[in-house]
Amino acid sequence: MSSFFIRKSNSVKSASKSGAGGRKKKLGKQKPSNSKAKKSKTNFEDEEISSDEFSDVHSENDIDEREGVEDVETAQEAKLRLAYSYLEEIEKEEKERLERQEIDKEVIASRLKDEVLAKAGKLRRKIGDLLETVTETNIAVLHNKKHKLSVTCVVVSNDCKHIYSASKDATIIKWDISKKAKVNVIYSCHKLKSKSAKVHDAAILSLAISADNQFLASGDVESVIHIWQPETMNHLHTFKYHSGAITGLAICQESNSLYSASADRSVKVFNLDEMMYVETLIGHQSSVTSIDVLCKNRTISTGGTDNSVRVWKIQEESQLIYNGSGRSIDVVKRLDDDHFVTGGEDGIVGVWGILKKKPTHTILNSHEKDGSGEPNWVTSVATLTSSDVFATGSSDGFIKVWKCEDKYRKSKLLFTIAVKGFINSMAFSLDDRYLVVGVGQEHKLGRWQRIKEARNSVVLIELKKRKETVLPVNGES
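Residues numbered from 1 in each chain as written. Predicted model: local features only at pLDDT ≥ 70, side-chain atom pairs only at ≥ 80, totals over all residues. Heavy atoms only, no water.

**Observations concerning the side chain of asparagine 456**
Tracing the backbone through its elements, the reader meets asparagine 456 in the loop between strand 28 (434–440) and strand 29 (457–462). Within polar-contact distance, the side chain of asparagine 456 engages the backbone oxygen of lysine 148 at 3.2 Å. Beyond its immediate stretch of four places on either side in the chain, asparagine 456 contacts His143, His147, Lys148, Leu149, Ser150, Val151, Val439, Gly440 and Gln441. (Helix = DSSP H or I, 4+ residues; strand = E, 2+ residues; numbered from the N terminus. Polar contact = N/O pair within 3.5 Å; in protein donor to acceptor, adjacent residues only side chain to side chain. Contact = heavy atoms within 4.5 Å.)

**Re the sheet that holds strand 7 (residues 204–209)**
Sheet architecture is open: four strands sit in the order 7-8-9-10, paired in antiparallel fashion. This sheet does not close on itself; its edge strands, each paired only once, are strand 7 and strand 10 (234–239). Across the sheet, the mean angle separating the axes of adjacent strands is 20° when strand polarity is ignored. Pairing between strand 9 (residues 225–229) and strand 10: five bridges, direction antiparallel. Counterpart to glutamine 229 in the pairing with strand 10 is asparagine 234. (Pairing = 2+ DSSP bridges. Axes fitted to C-alpha atoms, helices over the stretch in contact; angles between N-to-C directions.)

**A closer look at unusual backbone geometry**
Despite not being glycine, asparagine 297 has its phi angle at roughly 65°, a positive value. Its place among the elements puts asparagine 297 in the loop between strand 15 (290–295) and strand 16 (298–302). With a phi close to 55°, asparagine 307 is a non-glycine residue in the positive phi region. Tracing the backbone through its elements, the reader meets asparagine 307 in the loop between strand 16 and strand 17 (308–313). What makes asparagine 307 buried here is its relative accessible area of 11%. (Buried < 20%, exposed > 50% of the residue type's maximum accessible area, 1.4 Å probe, protein only.)

**Notes on the nonpolar core**
Side chains of a nonpolar character, in soluble globular proteins, are inclined to be buried together. One finds Ile399, Ile417, Met426, Leu435, Val437 and Ile461 to be the most contacted residues of the largest nonpolar core, which totals 22 residues. Those elements giving two or more residues to this core turn out to be strand 24 (389–393), strand 25 (398–405), strand 26 (410–418), strand 27 (422–428), strand 28 and strand 29. If we ignore the near neighbours within four places in the chain, the residues touching isoleucine 461 are Val134, Asn138, Ile139, Ile399, Ile417, Arg433, Tyr434, Leu435 and Val437. In this structure, Leu142, Ile173, Trp175 and Tyr434 belong to the second largest nonpolar core, which totals 15 residues. (Core = buried A, V, L, I, M, F, W, Y, C linked by side-chain atoms within 4.5 Å.)

**Overview of the pairing of strand 24**
In terms of residue burial, strand 24 counts as a mostly covered element, since five of its five residues are buried. Here strand 24 shows no split at all, with Val389, Ala391 and Gly393 on one side and Phe390 and Thr392 on the other all buried. The hairpin turn running from strand 23 (residues 380–383) into strand 24, its antiparallel successor, is five residues long, and serine 386 in that turn takes a positive phi close to 55°. As paired elements, strand 24 and strand 25 share five bridges and run antiparallel to each other. Bridging across to strand 25, threonine 392 finds its partner in lysine 400. Counting the residues between successive antiparallel strands, the hairpin from strand 24 to strand 25 contains four residues, one of them, glycine 397, with a positive phi of roughly 95°.

**Concerning the sheet that holds strand 3 (residues 151–156)**
One open sheet accounts for four strands, arranged 3-4-5-6; its pairing is antiparallel. Strands at the two margins of the open sheet, each flanked by one partner only, are strand 3 and strand 6 (181–186). If you compare each strand with its neighbour and ignore which way they point, the axes differ by 25° on average. The pairing of strand 4 (residues 162–167) with strand 5 (residues 172–176) spans five bridges and is classified as antiparallel. Within the sheet, the bridge partner assigned to alanine 166 lies in strand 5 and is isoleucine 172.

**A word on the pattern of salt bridges**
All chains considered together, the criterion is met by 10 salt bridges. The salt bridge involving arginine 125 is made with aspartate 432; its shortest N-O contact spans 2.6 Å. Of this pair, arginine 125 sits in the loop between helix 4 (105–119) and strand 2 (139–142) while aspartate 432 sits in the loop between strand 27 and strand 28, placing them 307 residues apart in sequence. Here arginine 125 matches aspartate 432 in class, with each residue buried. With its nearest N and O atoms 3.6 Å apart, the salt bridge here joins lysine 465 to aspartate 432. Here lysine 465, found in the segment after strand 29, pairs with aspartate 432, found in the loop between strand 27 and strand 28; they are 33 residues apart in sequence, far enough to count as distant. Assigned by exposure class, lysine 465 and aspartate 432 land together as buried. Salt bridges linked by common partners bring Arg125, Asp432 and Lys465 together as one network. (Salt bridge = Lys/Arg side-chain N within 4 Å of Asp/Glu carboxyl O.)

Laid out in C-alpha cells, this is it:
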C-alpha cells in the first residue's frame, strides 16, 4: 500500500456469499387421457398408426399441455421491450422538439451516442462559438445584508433552481434563481449568540453540493465541515478530522463521496451516505488550496506554493503528480474526465491532459498586470462541464471567458465581463444558462488587499447561445 493513504482504523472487510438453489420437481407418470389409446403390448407392437391419426393425437396433447402454461417474459425479451420503449420516448421528444412527423434516425443515433459518451465521461460539447457576448442587461447582482463580508464560495444545485453562497461572516444563503431572491439563511454562531448551535463559528471558505441535491457540505477556517439538507437547510452531520482550514470541498456525482482539501496539507475522504470518515490522502508539500472530482474514484487537487497538481487514484491507491512552471497553482477545475484547468498567483492559466506531465497549453498574464507590474492573481476558475469553454477570475475588474481550440493545444478569448472586486468563486449551471460569481472586497484566503468600491455579493450572469447544439468529439489528450 502506498504511504500517502492513511486510514483512521483498520477496516474490516466482510463479504457474504449467497447462492440461489433450484428445487427439482419429480415428474410422475402421466396417464393417457384417451382410454381408446390403451393397447396391449403385443397389439401395440404389431399395429400401425396412420399419419392422420398420429397428428390428431399429437395436437390434442399439445392443447392440453398449453392450457396450464402461463406466458413468461424472458430477461432478453424484457431488455428488448425496454429498449423499444426507450427509443419510442426519444422519438416522441424529437417529434415535439422538431415539430414534424418524420423522425430523423441520425438525430436519434446522435442522442444515444451522446448519452453513452456522457456516462463514460468522453462527451465533448463544442459550444464556444455559440456563446454571445454578455451585456449589462444579462447581469444581476444578488446583494443581501446577511453577507456583510466577502463572499468566498458559490455552488449551483443540479436542478439549476437554487444558488448557495457563503462568506467570511460564516453565513450561508440559499437563493432562488428565477426570482433572484433570498430563500433561506443559515446564520453564524455570533448572530445566533449560541456556541452550542450546529452552525459555523468562523469564515466559510468552501461549499459543495451532491448530484441528487441531498447533501450540501460547507467548510470553514476552523477545520469544521458541516453537512446540510439543501431543501430544508437542516443540519445533518459534522466532521472534525482536519487540523487546518478547509480550503476546498468536492462531492463525487456517482458515489456521494466527499473530498476535502485543507491547509494541513492533506485530502480526506468521507462517505456521505453513511456519514463516516474513510481515509486520508497525503502527498502535497504545502497547503492544499483547491480540489475537484475527475470521475468516480479519481479526485484532483492543487498544492498552492508546492506548484503541483495531484490526481488521486483511490482504488489503485496511487497518485499522479503534475508540476507547474510558475510560482504556484492555487485553483483547479475539471474540464472533462481527461482534461482540467488551473490558475495561480503568477497569473498563469494552464490547460492540462491527464496523459501529459506538462500543460498542453498555458496562458501567460491571463489577467494582465497590476500597477506594480506584477501579474494579477487568478483567484478562481470555472468550466462548462464536458465542453470547450472555461472562465477565469481575478481582481482586475474582469471575468474572462475562454474557448479551447486545436485539441486543447491553444485557447481563444471569447469575451470579458466587467465585475468589480475579487472573484473568489465561480460556477456554471449544468443547463449552461448561468455563470454564478461570488464577489468580495478581499481575497477569500486573506486581507492583503481591499477593493473598497466592490460589493460583497453574488452576481448572476445569464448566458445566451445562438443555437442549442451538442457535438461530440472523440477525446484526445
